[in-house]
Amino acid sequence: MTTKPVDAEAAQERLRRWRLVLGGDQADGTGCALSGPDAAMDGALTALYGKGAAPRTGRERAGGLGASAPAVARWLGDIRTYFPASVVQVMQRDAIDRLGLATLLLEPEMLEAVEADVHLVGTLLSLHHAMPDRTRETARAVVRKVVEDLERRLADRTRATLTGALDRGARVSRPRHHDIDWDRTIAANLKHYLPEYRTVVPERLIGHGRASRGVKKDVVLCVDQSGSMAASVVYASVFAAVLASLRSISTRLVVFDTAVADLTDRLDDPVDVLFGTRLGGGTDINRALAYCQSQITRPTETVVVLISDLYEGGLRNEMLKRVAAMQAAGVRFVTLLALSDEGAPAYDREHAAALAELGAPAFACTPELFPEVMAAAIEKRALPISEAG
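Structure report, in brief. Keep in mind that what you see is a predicted model, and the values were worked out from it rather than measured. (Residues numbered from 1 in each chain as written. Predicted model: local features only at pLDDT ≥ 70, side-chain atom pairs only at ≥ 80, totals over all residues. Heavy atoms only, no water.)

## Considerations on the packing of aromatic side chains
Stated precisely, the cut-off is as follows: Think of it this way: a Phe, Tyr or Trp ring, Trp meaning its six-membered ring, pairs with another when their centres are within 6.5 Å, and the plane angle makes it stacked under 30 degrees, edge-to-face over 60, tilted otherwise. What counts as a helix is a DSSP run of H or I of at least four residues, what counts as a strand is a run of E of at least two, and both are numbered from the N terminus. Partly exposed residues are those whose accessible area sits between 20% and 50% of the maximum for their type, while under 20% is buried and over 50% is exposed, using a 1.4 Å probe and protein chains only.
Using the criterion set out here, one finds one aromatic pair in the structure. With a centroid separation of 4.5 Å and an interplanar angle of 40°, the aromatic rings of phenylalanine 239 and phenylalanine 370 are classed as tilted. With a gap of 131 residues between them, phenylalanine 239 in helix α9 (residues 230-244) and phenylalanine 370 in helix α14 (residues 370-378) connect regions that are remote in the sequence. Each of the two residues, phenylalanine 239 as well as phenylalanine 370, counts as buried.

## Points about the packing of helix α11 (residues 285-294) against helix α12 (residues 316-328)
The criterion, for reference: Each axis is a line fitted through C-alpha atoms, taken for helices only over the stretch in contact, and angles between the N-to-C directions span 0 to 180 degrees. The cut-offs work like this: below 35 degrees is roughly parallel, past 145 is roughly antiparallel, 65 to 115 is roughly perpendicular, and the gaps in between are oblique. Note on convention: the crossing is left-handed when the near helix lies turned anticlockwise from the far helix by less than a right angle, right-handed when the turn is clockwise. Contacts between residues were defined by any pair of non-hydrogen atoms, one from each residue, lying within 4.5 Å.
Between α11 and α12, the shortest axis-to-axis distance is 8 Å and the interhelical angle comes to 25°. Taken as axis vectors, α11 and α12 run roughly parallel relative to one another. For the pair α11 and α12, the crossing hand works out as left-handed. In contact with Ile285, Asn286, Leu289, Ala290 and Gln293 of α11, α12 contributes Glu318, Met319, Arg322, Val323, Ala325 and Met326.

## Comments concerning the nonpolar core
To be explicit about the condition: Residue types Ala, Val, Leu, Ile, Met, Phe, Trp, Tyr and Cys, when buried and joined through side-chain atoms within 4.5 Å, form a set referred to as a nonpolar core.
Among the nonpolar cores identified, the biggest contains 82 residues, and Trp75, Leu221 and Leu253 are the most heavily contacted of them. Listed in part, the 24 residues of the second largest apolar core include Ile296, Val304, Leu310 and Ala360.

## Details of the packing of helix α6 (residues 118-127) against α9
Threshold: Each residue is assigned to one of three groups, with Ala, Val, Leu, Ile, Met, Phe, Trp, Tyr, Cys and Pro labelled nonpolar, Asp, Glu, Lys and Arg labelled charged, and all others, Gly among them, labelled polar.
Following both chains from N to C, one finds α6 and α9 inclined at 100°, their axes separated by 8 Å at the closest point. Put simply, α6 runs roughly perpendicular to α9. Contacts from Val118, Val121, Gly122 and Leu125 in α6 reach Ala230, Ala231, Val234 and Tyr235 in α9. Among the residues making up the contact of α6 with α9, the classes are represented as seven nonpolar, one polar and no charged.

## Points about unusual backbone geometry
Even without a glycine there, the phi angle at arginine 198 is positive, about 50°. We note that leucine 310 has phi near 70°; this positive angle belongs to a residue other than glycine. Among the structural elements, leucine 310 can be located in the loop between β6 (302-307) and α12. Classification of leucine 310 as buried rests on a relative accessible area of 0%.

## Some remarks on the sheet that holds strand β7 (residues 332-339)
Rules: In short, DSSP must find at least two bridges between two strands for them to pair.
Pairing is mixed in the open sheet, where six strands are placed in the order β5-β4-β3-β6-β7-β8. The open sheet terminates on both sides in strands that have one partner only, identified here as β5 (260-262) and β8 (362-365). The mean angle between the axes of side-by-side strands here comes to 25°, regardless of whether they run parallel or antiparallel. Of the pairings in the sheet, the one linking strand β3 (residues 217-224) to strand β4 (residues 249-256) comprises eight bridges and is parallel in character. Across the sheet, the residue bridging to aspartate 218 is serine 250, located in β4. Here α9 sits on the sheet in contact with β3, β4, β6 and β7, set at roughly 165° to β3. With respect to the sheet, α14 is in contact with β3, β4, β6, β7 and β8, its orientation differing from that of β7 by roughly 170°.

## Overview of the pairing of β3
What counts is decided by this rule: Note on handedness: a clockwise path from strand one over the helix to strand two, with the strands aimed away from the viewer, defines a right-handed crossover.
Among the eight residues that make up β3, eight are buried, leaving the element largely enclosed by the rest of the structure. Judged by which residues are buried, β3 turns out to be covered on both faces: Lys217, Val219, Leu221 and Val223 on one side and Asp218, Val220, Cys222 and Asp224 on the other are all buried. Handedness of the β-α-β unit built from β3, α9 and β4 comes out right-handed. Judged from the six bridges that link them, β3 and β6 form a sheet pairing that is parallel. Considered in β6, the bridge of cysteine 222 is made with leucine 306.

Structural data, given as structure tokens:
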């Protein structure tokens, strides 16, 4: 007897949800009217996904934001009220793509109202050359907030992982007593276990080696700044700044489209790095690799990381020859199709296959996995490709 009201409430809730999904056309079949917060939520959805927006198939909502800055400001406030931050970021992205609202981000009032994320930073970077002076400082504040959040999330783990990789690389076979790595020494000498004495005879000692204050590894991040790589540029800039903070690693950051820019001198501030990029334009990987190759002075101690979708507009065969030449000299070459949470983008499969044949397989990498990829590259062991994607 008590289940009927519960069933009725559940059925009404299902109708409410379907009404919000379907948009209220007469043919939606729900017969459900919305009021209060539900009506306001529906209005926010209608403004973005209505008939005034990009063409849609099937039923369509009626509405739109037009190009009115006050209307957009109110809408941004509404979606932050009624939806969680992750949904707000998706809706903002859709609004920029579907309704052409990118130019409104040139207004400080708009920038202050948006929910900042990596994708919004990418959009701002593509617009920053067109920004009026009164907007630039607000844009930098938005970008800095996102960058600082990323650094808090990624920096400590990156430093710990790479410091461990560098220390392991410094192990020696004739260590002093205080430098002996007993766990690894015992594991390496188990075959010399003497049961009658219940002990291991350590014929081979393994030590940590004394920490060196000098530079142990050179890392070159070579990042494609074409429009499709926006999120990768943001993450790469943050990681480059973190790597540059490690005394044992000499870090160089090179970004490219059809031109090449060395942003190494800005690595103390990743926000300056990002505003030194120029998202969009063509791609000349060969030219970028030629520059990186010219900067290598210790090939056997160098890791080059190319982050690109591999759509080469330059000389394909020369690009492949450069990769082969660097590897032959002892450089560890890593190819990432993306450094982002979205996985592999569209990419040139022919070039990816050619690089794989050279021993530099191309794969997408999440920011969380990047420290492990770099540690593997530094230690010259197999890359965690299967986990990366």
